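Structural features, examined
Here is how the chains run, residue by residue.
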Amino acid sequence: MDKSNNILQTIREDDFVEYYLFPRITISDEQGQQEVLDSAIAVANKVVKQQCQDYLWHKDPFKLTTRTHLSNFLTHIDGKTEELPPHLHGVSHYGDNIEDEWFIVFLLQEITKQIPGLIARVFDSDGEFLLIEAADWLPQWASPDTCENRVYIYEGNVHLLPPKNLENPALSVKEALQQIWANPIIAPIEIQNCIRNRLSNFPHNIKNTQHFATVYVPTAVAAILQSQPSFISGAVQAFINRDTVDMKACRAMKYFPPEQRVKTRVKFSKCLYAMLLHSKYVPERRIGWNLPAVGSEEYRQHLLGVKVACGFEILAAQAKPSQDIEGDRGWVQYLASLKDKSYFEGLLEGSQKYNSRLDKAKKYYTEHRDTMYYSPALGQDILHLLRTCEINFEKLQVEGKNLPPDDDDSWLDVSPEELDNMLQERYGQKKFIKLNQSTEASNFAEKVNKFLTHVSDIEGAEFPCHDDVTAPPSKPPRPKKGVSFTQDTNKNKSNVDFDPDSFASAIHNMLNFVIPEDDSWDLESDSDMSEYENDNVAEDNLNEVGNKGKMRRYMEEMDAELSSTTMGQSFEKKKGDVRGFEDIESFQPVDIDMNALKNILESYRAQMGDAGPSGNMLGPMGVHLDPKQ
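This report concerns the structure included in the present document. Because the structure is a prediction, the values reported are computed rather than measured. (Residues numbered from 1 in each chain as written. Predicted model: local features only at pLDDT ≥ 70, side-chain atom pairs only at ≥ 80, totals over all residues. Heavy atoms only, no water.)

The next point concerns the packing of helix H7 (residues 219–227) against helix H14 (residues 377–388). Where H7 contacts H14, the axes come no closer than 10 Å and their chain directions differ by 105°. The angle between H7 and H14 places the two elements in the roughly perpendicular class. Only Ile382, Leu385 and Leu386 of H14 make contact with H7, whose side of the interface consists of Ala220, Ile224 and Ser227. Considered class by class, the residues forming the contact of H7 with H14 number five nonpolar, one polar and no charged. (Axes fitted to C-alpha atoms, helices over the stretch in contact; angles between N-to-C directions. Helix = DSSP H or I, 4+ residues; strand = E, 2+ residues; numbered from the N terminus. Parallel < 35°, antiparallel > 145°, perpendicular 65-115°, else oblique. Contact = heavy atoms within 4.5 Å. Nonpolar A, V, L, I, M, F, W, Y, C, P; charged D, E, K, R; others polar.)

Given below as structure tokens:
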């Protein structure tokens, strides 16, 4: 496949979710394959219509198209393309509402239950987001590199195909489909339950994602919303994302003048309502927006109506003829993305080859812009309804006087306690350390030391599980190795063996100004580094002795200066524990653990709930300090 065609078909915004549905087709005749696809898409659309009756999409709805061998391909993360069997395909942008993405997963589950043999694959800009959601329960072999083309939905369940060889985990979609049809491998029950919990709102709790509110809008807007309630999503999106060009349309209000307005009840998603309510906008009185006093009960209805009307005005003003893309903001963004992806390969702008690729890009954008950046088709639909739908001012005015009350919007106000409960419900219950117990200081130090000495790998550190910390199952620790630098002559590879215990001990010694007793870090002893010695060893040793003498003098001078201060009284002392110091009168040793806990607590409180060194250090360790203490 031509590389330029590949680039054309992979450029899109980051807020997308892409899905493929593969029916089991055993015939090679293209007409017969198309009939199977048409039958599958008819059943799928029936399921979608049934489940989406009350659902309000934030941006793009769930939509399927059939793909034959002429357009069947898939681009991998390494840039390679693969030819796919005939299938149903769709791309939806979910904008700021991640619930749309998960509702699509729910729809795919339902569709695969209704169509025997149908296998679905879904991913977004982050890749296999189903596995990201279930990251705490993944098998050890799972990683972004090893999981590509291995996650599918079949008969309503998530299927995860383990690789036979981790060194070569590549798997084509065709091979994966054949494996599932021959021997389905359902993902572990923990992964299944994690995905089911994420989809628990659907379909029974869809109404909980909606918010009904009264708005005071121009008569034509009220009539259009009664005819097509889903247009509110596009209007809110257009208003939220307005620019200087859009504001010119809002100052003219050519299509929806504000002189004649009525009250109407509008269904928002909670996400759309919150976005619209908190978007700041001061309407100009000279346009005709005469709003009541700010403190009045109707002020919010009027202001929301102004914003909705401006959104419809922007959409109508941006509507273009189907073949006219010059000046289309989506085309401008698409062309910029093509240039960033080296689509024109350095060709001179205006040359014959450049213009040929430009025409090809324009044609592709015109045919597919409904599933790309901004679609002017919605603006064209609004203009069509504006010309054809019945606009009865008297009827709408009477209906506006008998509207039910608005939904309670107290859900917008979330207290810190409610936020904590939501986070704990989503990510697990936290167990706090009580700082009023002296015994907890040693426990805290034990947690820190355990975290520092725990074996980790290049992908990061994991806190070791124990009884009093809520943490996901960690991967089995890797075997410790001795300290040596070896050369593997058989495989011609350099292997570095690293002892984490020795390294952690050296770090502790440096932090405590302690010289190691062993010779593991002594450059003077015999070691594998001996080949770097030279004739100046004796001189270097003398310099080292001199440096140690200087350090001791510095320490003595510092002790003399500190002896005349009260700094020593600021440290927490151990009470009733002077073992080993009986010969020193009235001596109390410093409680190192308690001082460490005290200093970290002061740092944590100084953060005032924001990100900072203490929270960032303690969080991954599984240690949570109660901010109220």
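Before going further, it helps to spend a moment on the sheet that holds strand S7 (residues 151–154). Sheets are built from strands that pair by backbone hydrogen bonding, the pairs being arranged parallel or antiparallel. Strand order in the open sheet formed by six strands is S2-S5-S1-S6-S7-S8, with antiparallel pairing between adjacent strands. Every interior strand has two partners, whereas the edge strands, strand S2 (65–67) and strand S8 (157–160), have only one. With strand direction ignored, the average angle separating the axes of adjacent strands in the sheet is 30°. As judged from the two bridges shared by strand S6 (residues 119–124) and S7, these two strands associate in the antiparallel manner. Across the sheet, residue alanine 120 finds its bridge partner in S7, namely isoleucine 153. Contacts between helix H2 (residues 30–51) and the sheet are confined to S2 and strand S5 (87–93), with S2 contributing the most and set at about 155° to the helix. Sitting on the sheet, helix H3 (residues 99–114) is in contact with strand S1 (16–22), S5, S6 and S7, with an inclination near 5° to S1. (Pairing = 2+ DSSP bridges.)

Further remarks concern a negative patch on the surface. Together, Asp29, Glu30, Glu35 and Asp38 give the surface a local cluster of negative charge. As for its position among the elements, aspartate 29 is in the loop between S1 and H2. Residue classification places aspartate 29 among the partly exposed residues on the basis of a relative accessible area of 46%. (Patch = residues over 30% accessible without salt bridge, like charges linked within 9 Å, V, L, I, M, F, W, Y side chains within 5 Å. Areas by Shrake-Rupley, 256 points an atom, 1.4 Å probe, with all protein chains shown as cover. Salt bridge = Lys/Arg side-chain N within 4 Å of Asp/Glu carboxyl O. Lys, Arg positive; Asp, Glu negative; His and termini not counted. Charge placed at Lys NZ, Arg CZ, Asp CG, Glu CD. Buried < 20%, exposed > 50% of the residue type's maximum accessible area, 1.4 Å probe, protein only.)

Moving on to the pattern of salt bridges. Going through the model one piece at a time under the given rule, you end up with 10 salt bridges. Arginine 198 serves as the salt-bridge partner of glutamate 99, at 3.2 Å between the closest nitrogen and oxygen. Separated by 99 residues along the polypeptide, glutamate 99 in helix H3 and arginine 198 in helix H6 (residues 189–198) bring together distant segments of the chain. With respect to burial, glutamate 99 and arginine 198 carry one shared label: buried. In this structure, glutamate 133 and arginine 198 form a salt bridge, with 4.0 Å as the shortest nitrogen-oxygen distance. A residue pair is termed long-range when its members are at least 10 positions apart, and glutamate 133 in helix H4 (residues 129–133) and arginine 198 in helix H6 qualify at 65 residues. When salt bridges that share partners are traced, they join Glu99, Glu133 and Arg198 into one network.

Note on placement: serine 233 falls in helix H8 (residues 231–240). Serine 233 sits 78 residues away from glycine 311 along the chain, and the two C-alpha atoms are 9.5 Å apart.

Inspection of every chain in the model, using the stated rule, returns 17 aromatic pairs. Consider the rings of tyrosine 55 and phenylalanine 103, whose centres lie 4.1 Å apart with planes at 20°: the pair is stacked. Placement of the pair is tyrosine 55 in the loop between H2 and S2 and phenylalanine 103 in helix H3, with a sequence separation of 48 residues. Above the plane of the ring of phenylalanine 239 lies arginine 242, whose end atom (NZ or CZ) is 4.1 Å from the centre. (Phe/Tyr/Trp six-rings, centres within 6.5 Å; stacked < 30°, edge-to-face > 60°. Lys NZ or Arg CZ within 6 Å of the ring centre and 35° of its normal.)

A separate point is H2. With 22 residues, H2 should reach 32 Å at 1.5 Å per residue; the first-to-last C-alpha distance of 31 Å fits that figure. Among all positions of H2, only Gly32, Gln33, Leu37, Ala40, Ile41, Ala44, Val47, Val48 and Gln51 are buried. Taking the backbone nitrogen of glutamine 31 as reference, a side-chain oxygen 3.3 Å away marks aspartate 29 as the first, capping residue of H2. (Expected span 1.5 Å × (residues − 1). Polar contact = N/O pair within 3.5 Å; in protein donor to acceptor, adjacent residues only side chain to side chain.)

Here we take up H6. Considered for burial, the residues of H6 that qualify are Ile191, Gln192, Cys194, Ile195 and Arg198. Relative to the axis of H6, the buried residues are bounded by an arc of 160° and lie together on one face. (Arc of directions from axis to C-beta.)

Here alanine 238 is to be found in helix H8. A relative accessible area of 11% means that alanine 238 is categorised as buried. Alanine 238 sits 72 residues away from cysteine 310 along the chain, and the two C-alpha atoms are 8.4 Å apart. Apart from the residues within four sequence positions on either side, alanine 238 is in contact with Gly311, Ile314 and Leu315.

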